[in-house]
Structure formats: C-alpha cells, structure tokens
Amino acid sequence: MDSNKIKKIIKPNRKRSLICLISLIAAIVFICIGAYIDRDRSLTPKDYHELITNNLDKENEYVKLNITSLFSFAKKGDSLYYYFVSDEDNYLYIARITEETYKKLEDLYKQDNENFSYELKGYIFKIPDDIKELAISSYNKEYNENILNSANLNDYVGECYLDETLTPYTTVSAIFVGVGVGLIIFSLVLFIINLVNTINSKVRMRKYDINEIKSELAKETTLEYPNVYLTDKYIISNLNGLLVFNYDDFVWLYNEKRRINGIYVGTYLKGITTKKKVYYLGYTKNKEEFFEEVMNKAYQKNNNLLIGFTGENQKKYKEYFKK
C-alpha cells in the first residue's frame, strides 16, 4: 500500500471536516442572501380599492389598503383569522390577518378609536367557497338581515381577499434562510460526529505506535476492504475515525443490514469487543461478500471469534460474559 493511501487511512476525518467547512460557508451565504432579499422592499403595493373599482383585482397582485374598522368571521388554523374590513369610505373587503396583527390593531384602536386607521399590505387571492359561505352567514347574522348572498357577494367585497401574511419575497427569503439553517444544523451534527470520532480515535490510539500502524499498513500482506484493513497484527477501521484493534479484542463479528422504510440502504460490519463495546467497522451497499471474507480472515487470527449473527452465537455471546 502506497504512502498517500496510508495517510488517507490514518486521517479519515479530513474529508468530513472539509464537507463541514463547505457546508458552513454555504449556510452563511444562503442566510445572507435570504436576509438581503427580505430587506429588499422595492416592490410598490397597488391601491386595492382602485383595482376593484377598475375590475383589476386579479390574484397574486401585491396591494395596500387603509382600513378603519374590522370584525372577525372565520378562523383557520391556530392563529390565522378572516375579517371583514372597511376603509374610510365604508367600502367592504375581506382580509386574512394573523392574531399578532389583530392584537396590534386592537392596541391602536384602544389608543385612539376615533382616528383609528391602519395600512394593510399583502397579496390578493380568490376567496375560497367555504370562506364565502362563512362571510355571508356571519354578515347577515351581524346585521339581522339577509343582505349578502352568493350572487351579490362579489359586488360587496370583490372577487379576492387580501392576505397580509404574505409579503414580497417572503417565500423566496424563507427558502434561502431555511436552507441556510438546515446547512448549519448539518454542519453542527457533522462537527460533533467528527469531534467524537477524533476523541475516540485518540483514546484508542494511545496504546499503539502510529509508526507501527503505518508499517503494518504498508506490508504487501495487508488486505483492504470497504473501510476495513486487515494487517498481520491488527484490524483497522476508518469508517468513524481511525480505530485500531487486536484480533483478540473482539468476541463477535457479524453483518448488520440496514433498512429505512423497508428499503435496503446498506450493510455494516459490526464488532463487539471483550469489554462489550460495539463498533461499526465498515459499510457497503453492494459488496457484502467482502465482509464475509473479513470475518473469515479474522477468525483465522482468533479462533474464539463468533462469526455471523445466528441464534447459536447469541447464546454463546451471553455465555461468554457469564464466565
């Protein structure tokens, strides 16, 4: 085995560290872009009343509306409410407002109810049928008259409702920030994994001479498998940091197949030591037979090894630790 390959085996966390760094840099870039987009409020809202007057109140228009009164008639979810709102000329509209905004409006009204006004901004969308029905019944109940019906509702409130929960770039900004946060979490998890693996490797490597490990790996007799290397003296794994074991450190070696939602994702070579510690030594998705070879080679070095996951080996494993 050449020296370059040995270096990669000895320091397996370099690749993960690089991925962690790139991920963190990408996260910062995404969050900065998201923040920049969110700050860009250059889109000017159109006057909602003028759009309705000119029959231009089409979906996805960004609008503004100065309201002087409102009352709730429908609720969707935990904190989103639909309101009848009116402007200073008593024209009626339907708006979707968050509970947070309503509390803000309530405070403003209490401060000065005679001069109360507030500018809503948001996108307009077609009024859903269920909201139309609730609007009609609530309005008629409020005034004890059958004023509104499905035929004349549009004449009173227009075809759309104003959704103040959506503003320009909200979705795009949220996507960028969301991706950035996701990458930060990924980087943090990867960093912790690397840190734990590095600590574990250093603890285990204290009793080994690194030069001897390199010398063992350089021998022509060394056998190489996915993340596992068999030398004359050691079983070496770099799946989760560098781990070095004597052949007699293990009591049991076996393959463990992994499935996610019933779908096969790969096979791990699992080892349990004489101290009952469990280690994942290697991983493969389509070369499971290599691990069978690893176990057989290891058995030649340690005839007391339990090989393979069987009911008989489970009993022998329990008996081993009863001694």
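The structure under discussion appears in the preceding block.
Residues numbered from 1 in each chain as written. Predicted model: local features only at pLDDT ≥ 70, side-chain atom pairs only at ≥ 80, totals over all residues. Heavy atoms only, no water.

As for the sheet that holds strand β11 (residues 243-246)
Rules: Whether two strands pair depends on DSSP finding at least two bridges between them. Where helices and strands are cited, they refer to DSSP runs of H or I of at least four residues and of E of at least two residues respectively, numbered from the N terminus. Angles run from 0 to 180 degrees between N-to-C directions of axes, and those axes are lines fitted to C-alpha atoms, restricted for helices to the stretch in contact. In this description, contact between two residues means that some pair of their heavy atoms is separated by no more than 4.5 Å.
Pairing is antiparallel across the open sheet formed by four strands, whose spatial order is β8-β9-β10-β11. Single-partner strands in this sheet number two, and they are β8 (223-225) and β11. Sheet twist, expressed as the average angle between the axes of neighbouring strands with direction ignored, equals 15°. When β8 meets strand β9 (residues 228-230), the two strands line up antiparallel, connected through three bridges. Within β9, the residue paired with Leu 223 across the bridge is Leu 230. Running over the sheet, helix α8 (residues 210-218) touches β9, β10 (234-237) and β11 and is turned about 95° from β10. The strands touched by helix α9 (residues 288-301) within the sheet are β8, β9 and β10, with β8 carrying the most contacts at an inclination of about 145°.

Structural notes on helix α5 (residues 129-143)
To be explicit about the condition: Given the number of residues in a helix, its expected span is that number minus one, multiplied by 1.5 Å.
With 15 residues, α5 extends 22 Å between its outermost C-alpha atoms, agreeing within 8% with the 21 Å of an ideal straight helix rising 1.5 Å per residue. Positive backbone phi, approximately 55°, marks Asn 144, located one or two places after α5.

As for the pairing of strand β14 (residues 278-284)
Two elements, strand β13 (residues 263-273) and β14, share six bridges in a ladder whose sense is antiparallel. If you follow Ile 272 over to β14, its bridge partner there is Val 278.

Section: the nonpolar core
Convention followed: Nonpolar cores were defined as sets of buried Ala, Val, Leu, Ile, Met, Phe, Trp, Tyr and Cys residues, with membership established by side-chain atoms within 4.5 Å. To sort residues, take the accessible area from a 1.4 Å probe on protein chains only and compare it with the maximum for the residue type: under 20% means buried, over 50% means exposed, and anything in between is partly exposed.
The biggest cluster of nonpolar side chains holds 18 residues, and the ones touching the most others in it are Tyr 48, Leu 65, Ile 67, Val 85, Ile 97, Leu 120 and Leu 162. Counting residues per element, the ones that place at least two in this core are α3 (48-53), β2 (62-67), β4 (80-86), β5 (92-98), β6 (118-126) and β7 (160-163). Excluding residues within four positions of it along the chain, Leu 162 makes contact with Tyr 48, Val 63, Leu 65, Ile 94, Ala 95, Arg 96, Leu 120, Lys 121, Gly 122, Tyr 123 and Ile 124.

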